[in-house]
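# Understanding the architecture of this molecule
Single-letter residue listing:
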Amino acid sequence: MQVLIFEDNLIWSGRFTHSLKGLGHDPVVASAVPETTEAKVAIVNLGSTTLCPSEIVPLLREKGIYVIGHAGHKEKELHALGAEIGCDRLATNSEITFKIETLISTAFSK
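Below, the structure is looked at part by part. Please read all numbers here as calculations on a predicted model, not as lab measurements.

### What about the nonpolar core?
Judged by nonpolar contacts, the single largest core of 18 residues is most densely connected at Leu4, Phe6, Val44, Ile56 and Leu60. At the level of secondary structure, the elements contributing two or more residues to this core comprise strand 1 (2-6), strand 3 (41-45), helix 2 (53-62), strand 4 (66-71) and helix 3 (76-85). Counting residues per element, this core draws most heavily on helix 2, which supplies three residues. In contact with Ile56, not counting residues within four places along its chain, are Phe6, Ser31, Val33, Val44 and Leu51. Judged by nonpolar contacts, the second largest core, of 15 residues, contains Ile43, Tyr66, Ile96 and Ile100.

### Examining the pattern of salt bridges
Pairs may arise between side chains of opposite charge once their charged atoms sit close together. Evaluation of the coordinates by the stated rule reveals two salt bridges. The salt bridge involving Asp88 is made with Arg61; its shortest N-O contact spans 3.2 Å. One end of the pair, Asp88, is in the loop between helix 3 and strand 5 (89-92); the other, Arg61, is in helix 2, and 27 residues separate them in sequence. Given the relative accessible area of 30%, Asp88 is considered partly exposed.

Calculation rules
Residues numbered from 1 in each chain as written. Predicted model: local features only at pLDDT ≥ 70, side-chain atom pairs only at ≥ 80, totals over all residues. Heavy atoms only, no water. Core = buried A, V, L, I, M, F, W, Y, C linked by side-chain atoms within 4.5 Å. Buried < 20%, exposed > 50% of the residue type's maximum accessible area, 1.4 Å probe, protein only. Helix = DSSP H or I, 4+ residues; strand = E, 2+ residues; numbered from the N terminus. Contact = heavy atoms within 4.5 Å. Salt bridge = Lys/Arg side-chain N within 4 Å of Asp/Glu carboxyl O.

These figures come from the coordinates and say nothing about function on their own.
As structure tokens, this is what we get:
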């Protein structure tokens, strides 16, 4: 399954790419929402300094893509932003690192 990754931190994007490939997925690091995509899931860094989650998340949702927003566990304002802009699931950085398979599979249990 194709998974879009909206991440401007090279360490995180590399980590996600490696983990998702290991799980048999096709990760695509993106900086803008593509016109057409086969992706069913997207991971969005809510604390990005170069991407605009408040624009990206609604566009992803319009395309029917399940959105997982992530931020640090102490970044309560970013988790609130994620809920406000329509993320389907909010995750801490720890969760996204150690439970990515579970988070991705949640998209298909809805």
